[in-house]
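# Structural overview for review
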Amino acid sequence: MSITVSHISKSYGIQKALDEVSFTVGGSEVVGFLGPNGAGKSTMMKILTCFIPPTSGEASVCGFDTRTASMAVRRNVGYLPEHNPLYLDLYVREYLDFVAGIHGLNDRTRRVNAMVERVGLGREQHKRIGQLSKGYRQRVGLAQAIIHEPKVLILDEPTSGLDPNQLVEIRALIKDLGREKTVLLSTHIMQEVEAICDRVIIIDRGRIVADDKASTLRSRQQHHEVIEVEFDRAVEANLLLNIGGVVQARRNEGNSWLLAHDAANDIRPAVFRFAVENGLQVLGLQKSERGLEEVFKELTRR
Ligand SMILES: Nc1ncnc2c1ncn2[C@@H]1O[C@H](COP(=O)(O)OP(=O)(O)OP(=O)(O)O)[C@@H](O)[C@H]1O
Ligand SMILES: [Mg+2]
């Protein structure tokens, strides 16, 4: 296993930030670590990267215990902390060379060149970090995280504050890194999870409330399915409720409606019959995917 977390608890004074958290991550997987603000995501990541010790429990990376073999853990882990702390007065290449030095790498120039290439820093490589835009600073943060070729990457909100173009590029880079590494990343953006994560762990108030494939999670708690139907003219909501199986009818926009129904039956034939009987035309009909966002809200509602 690349990451093994076993009954980890962490208290800050009287506050319990993590409460008996256990999970494992293996192989080349991109795992999304989700949870509301203050859930304990960053705390868990700091423990996995040996920045803070847990109050109790055990965590290991690539088989090395974070408490008893922290140097080995650091060799195997690349970490992009929350808010991406960087030395703003250093030049990009100078900083990456410095990080390579800390890791004791002896082919430093080659590594720095490779990183500049890998994260797309070519045009910015001779600037001071303080002169870079947020997206490029994020790239520097990613470059320092992977310069020593770690097997495991821990990325704490790697895409926060990026513009849509940068977002797409950085996500593609992370997904690409996930092909050969284990990636654990925290995020608040559900589309990101849908776009790049194979698996999702949801944590709330220091406890894990879900750990599953994104697709399974999406369908797991689904008692009702929703279809979206558009008619050619206005219809009364109470008429729609007469369609066998429909439990709720909500106007979407214009003459388009969201019809909730029992997941057990397909109501689409009944919708077509309803349209014919009432002289309506169906302009569109599709299943409405209940997104991960809904699942997240349901699991972490206060
Ligand atoms: N050094 C600290 N001292 C005291 N309390 C702390 C410390 N670090 C974190 N906490 C508390 O522990 C809890 C978990 O914090 P953590 O930063 O792990 O949450 P998070 O899931 O990363 O949240 P966010 O989504 O806002 O980044 C919070 O209530 C926070 O206030
Ligand atoms: Mg955090």
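Whatever comes next refers back to the structure up there.
Residues numbered from 1 in each chain as written. Chains lettered and ligands numbered in written order. Predicted model: local features only at pLDDT ≥ 70, side-chain atom pairs only at ≥ 80, totals over all residues.

## Here's the deal with the pairing of strand S2 (residues 15-25)
In the case of a regular strand, side chains alternate between the two sheet surfaces. To keep things clear, this is the line we draw: Strand pairing requires that DSSP identify at least two bridges connecting the strands. A run of DSSP states H or I qualifies as a helix once it reaches four residues; a run of E qualifies as a strand once it reaches two. Both are numbered from the N-terminal end.
Two elements, strand S1 (residues 3-12) and S2, share seven bridges in a ladder whose sense is antiparallel. Bridging across to S2, Lys10 finds its partner in Leu18. The turn joining S1 and S2, which pair antiparallel and follow one another in sequence, is formed by two residues; a positive phi near 60° is taken by Gly13.

## What about the site of ligand 1?
For the record, the criterion: Here, nearness is defined through the C-beta atom: a residue counts as near a molecule or strand if that backbone-placed atom lies within 6 Å of it. Each residue gets one of three labels, nonpolar for Ala, Val, Leu, Ile, Met, Phe, Trp, Tyr, Cys and Pro, charged for Asp, Glu, Lys and Arg, and polar for the others, Gly among them.
Every residue near ligand 1 is listed here: Tyr12, Gln15, Ala17, Gly35, Asn37, Gly38, Ala39, Gly40, Lys41, Ser42, Thr43 and Glu82. Only S2 and helix H1 (41-48) provide two or more residues apiece to the shell around ligand 1. No other element matches the three residues that H1 contributes to the shell around ligand 1. Here the shell around ligand 1 is composed, by residue class, of three nonpolar, seven polar and two charged.

## Examining the environment of Leu121
Basically, it comes down to this: Counting other C-beta atoms within 10 Å of a residue's own tells you its class, since 20 or more makes it buried, 12 or fewer makes it exposed, and anything in between is partly exposed; those C-beta atoms are placed from the backbone.
Residue placement: Leu121 occurs in the loop between helix H4 (108-118) and helix H5 (134-146). Owing to 22 C-beta atoms within 10 Å, Leu121 belongs among the buried residues under this scheme. For the pair formed by Leu121 and Arg137, sequence separation is 16 residues and the distance between their alpha carbons is 9.4 Å.

## Overview of the environment of Arg137
Heads up, the rule is: Residue pairs qualify as contacts under a 7 Å threshold applied to their C-beta atoms, which are placed from the backbone.
Inspection of the secondary structure assignment puts Arg137 in helix H5. Through-space distance from the C-alpha of Arg137 to that of Ile174 is 15 Å; in sequence the pair is 37 residues apart. Residues in contact with Arg137, not counting those within four places in the same chain, are Asn84, Leu86, Ile129 and Leu132.

On their own, these measurements won't tell you what the molecule is for.
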